[in-house]
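Inside the fold
Now for the letters of each chain:
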Amino acid sequence: MQTWSSVTVPRVPGTARPLRLYDTATGQVRPTTPGKLARMYVCGITPYDATHLGHAATYLTFDLVHRQWLDAGHEVYYVQNVTDVDEPLLERAERDQDDWIVLGMRETALFREDMEALRVVPPREFVGAVESIPEIVEVIAKLLTDGSAYRVDDPEYPDVYFDHNATGRFGYESNYDAETMAKFFAERGGDPDRPGKRDPLDALLWRCARPGEPAWESELGAGRPGWHIECSAIAINRLGMGFDVQGGGSDLVFPHHEYSAAHAEALSGEHPFARHYVHAGMIGLDGEKMSKSRGNLVFVSRLRADGVEAGAIRLALFAGHYREDRAWTPDLLARAEERLARWREAVALAAGPPAEDTVARLRDHLANDLDTPKALTAVDAWVEEARQRQGGDPDAPAVVRAAVDSLLGIAL
Ligand code: 5CA
Ligand code: ZN
């Protein structure tokens, strides 16, 4: 698929800090240790509705990861998928009497526009599930040959399932107990009661064609892929095993990232799938998680239509820490707009207090598990001093402007 337009990331004087991130698998904030090429996979949208602020918060989180690595001199091989064939998309198309392909194309186009407007540095590869079916089929066939996958005993629909114990490490990513796994598996797209499975927790890899459903001819028979194997195949075929960061919202901790890792590890015989599993908290509205199925959404495109600036959306979301579940409120946006105006006013001054310390603190806070609340406070301090004192270093406003642009993605 086509990705979206690039954005210029200015260079900032001084030295970057190595990025440390919280890893769900080990429960610790650990240094990321990319080579010259940093490798990141972030789970993309299922395009049946417009991008809401929850999605935006997640993609902005990983944009910060991307930007800190760029600042540290790495090249970043960033891959993001689009789940352009799956149950929720087909259900929505059915409900609205829409063509699922057209619906997916329309929402994906809007997503690209939203990401561009938010100044998100684009992935190097933006990959659809449909266009990846041949490579997904290939990995499923290999899992079947190796005995990590099996067909259910159903002559009509002999769907292929993954033996979740194939690696002997299942559960290492989420660290959930059996009860929590069973609960989330059932709630988040799993089918514990499918007759013929060897274990309720085994996950679907290939769904044989049913009447009226989209299907592709393949060596597995006509059908379509399960969800988790899509991300395993797309990630390892581009990034290889042991890539630096697997990312998404915290609703993907289980089952999605646990199974994506288990599939890839069973397939390759290598561990780990990713060196860090990084999860953004859930954005809520009126006390509930913002989600397409609940319909309590604030769309990025709606805010754009209302003239809200990307920088204000970033500042509103970055006012909280990325791992916290947090609420979107009109007041949060109003405060972010005021902050943006104050910052803009300060960098437009002819001079300001020396920028070195501010830039160093900004880098320190962001390198420490993306501590954006503290990073914003560090910029606030410089801004207040610049506005009150006037005068000082004539180069400082441009340096702060470049640092805020490069490290936080905010154009002042
Ligand atoms: N296509 C799959 C991933 S392979 C999927 O989960 N799509 S999605 O459209 O449902 O979500 C896209 C991304 O936004 C995921 O990373 C998900 O974790 C994240 N997300 C969804 N809702 C929220 C929310 N309310 N707050 C923060 N992130 C969210
Ligand atoms: Zn995914």
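Check the entry above for the structure.
Now for a description of the structure that goes with this document. On a predicted model such as this, the values are computed, not experimentally measured, just so you know. (Residues numbered from 1 in each chain as written. Chains lettered and ligands numbered in written order. Predicted model: local features only at pLDDT ≥ 70, side-chain atom pairs only at ≥ 80, totals over all residues. Heavy atoms only, no water.)

**Side note on the sheet that holds strand 12 (residues 283-285)**
The criterion, for reference: Two strands make a pair as long as DSSP finds a minimum of two bridges between them. Think of it this way: any DSSP run of H or I at least four residues long counts as a helix, any run of E at least two long counts as a strand, and we number them from the N terminus.
Taken in spatial order, the three strands make up an open sheet running 13-12-14, and their pairing is mixed. Where the open sheet ends on each side, the last strands, each with one partner, are strand 13 (288-289) and strand 14 (326-327). In this sheet, strand 13 lies alongside strand 12 in antiparallel orientation, the contact comprising two bridges. Within the sheet, the bridge partner assigned to leucine 285 lies in strand 13 and is glutamate 288.

**Thoughts on unusual backbone geometry**
What counts, and what does not: Only protein chains enter the calculation, and the probe is 1.4 Å; a residue is then buried if its accessible area is under 20% of its type maximum, exposed if over 50%, and partly exposed in between.
Note the cis peptide between phenylalanine 254 and proline 255, where omega equals 0°. Structurally, the position occupied by proline 255 is in helix 7 (residues 253-268). Put simply, histidine 271 and proline 272 share a cis peptide bond, and its omega is 0°. Its location among the elements puts proline 272 in the loop between helix 7 and strand 11 (274-280). Notably, asparagine 175 is not glycine yet its phi reads approximately 60°, a positive angle. Asparagine 175 gets classed as partly exposed once you look at its relative accessible area, which sits at 49%. The phi dihedral of leucine 370 is positive, around 50°, even though this residue is not glycine. Checked against the element boundaries, leucine 370 lands in the loop between helix 11 (356-367) and helix 12 (372-389). The class for leucine 370 is buried, based on a relative accessible area of 1%.

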